Amino acid sequence: MLLWLLHLWALPPVGARLECPPPRAGDSADPGGLFNAAEIAARWQMMAAVSIALVVALLLGCYLLPRASLNRGFVIRWWGTLGLSGVLCLFVPLAVGRYAPVHARAGSCSTRPAAFPVEIPFDLLFPRMAAGLFWGLLAFAVVSLVATRLMGRWPGTGGFFHYRGCPWPRWNPGQG
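All values derive from a computational prediction rather than experimental measurement.

Caption draft 1: Up close: the environment of Phe116. When you line up the elements, Phe116 lands in the loop between strand 3 (102-103) and strand 4 (117-118). Here Phe116 falls in the buried class, since its relative accessible area comes to 4%. Measuring from C-alpha to C-alpha, the distance between Phe116 and Val102 comes to 8.4 Å, with 14 residues separating the pair along the chain. Ignoring anything within four residues of it in the chain, the contact list for Phe116 reads Leu18, Pro21, Val102, His103, Ala104 and Cys109.

The structure is reproduced here in structure tokens:
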């Protein structure tokens, strides 16, 4: 259940196959090897951890940096931060997938039996990117609601107290 909450429908592709290096002249081609499953699972966990940290940092910035009461500026900032949360969580898997090293499972390629570094292909990253977009939007909205309900009870919590009545900002704050 926790794994599904962190990754939604884009669970770590631990059985994903990779293209093995070309064989030497005269040797037969290898049909394909496997990614190191532990490293793939660790990269997906890293994607989730970075996404969580981004959402929390954006939420704190949205609520605690300004010192004004609920106004049009806050509403615009809330919606903008919501969108930024989704966009950043969309690109987290791409960044982690491209810059965190992953290896082929040792012995899975006959053309190169030792573990060797490989890149995670875009087609494996894309489902996690789409899930990251949705997850970032959903997480920011839910955590915003929970934080304003819980922390908005005490005046010492700054923006969470001032904005406690508005975890879901109106589209047009001039009305109502």
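Caption draft 2: Representation of the pattern of salt bridges within the structure. Taken as a whole, this structure holds one salt bridge when the rule is applied. Glu119 is the partner of Arg98 in a salt bridge, and the nearest nitrogen-oxygen pair spans 3.1 Å. Residue Arg98 is located in helix 3 (residues 72-99), and its partner Glu119 is located in the loop between strand 4 and helix 4 (122-151); the two are separated by 21 residues in the primary sequence. Accessibility expressed as a relative area gives 33% for Arg98, which makes it partly exposed. On the basis of relative accessibility, which here comes to 57%, the residue Glu119 falls in the exposed class.

Caption draft 3: The arrangement of helix 2 (residues 37-64) in detail. Between its first and last C-alpha, helix 2 extends 40 Å over 28 residues, near the 40 Å set by a 1.5 Å rise per residue. Listing the buried residues of helix 2 in full gives Glu39, Ile40, Arg43, Trp44, Met47, Ala48, Ser51, Val55, Leu58, Leu59, Cys62 and Tyr63. Put simply, Asn36 is the residue that caps the front of helix 2, since its side-chain oxygen is 3.1 Å from the backbone nitrogen of Ala38.

Conventions we followed
Residues numbered from 1 in each chain as written. Predicted model: local features only at pLDDT ≥ 70, side-chain atom pairs only at ≥ 80, totals over all residues. Heavy atoms only, no water. Helix = DSSP H or I, 4+ residues; strand = E, 2+ residues; numbered from the N terminus. Buried < 20%, exposed > 50% of the residue type's maximum accessible area, 1.4 Å probe, protein only. Contact = heavy atoms within 4.5 Å. Salt bridge = Lys/Arg side-chain N within 4 Å of Asp/Glu carboxyl O. Expected span 1.5 Å × (residues − 1). Polar contact = N/O pair within 3.5 Å; in protein donor to acceptor, adjacent residues only side chain to side chain.

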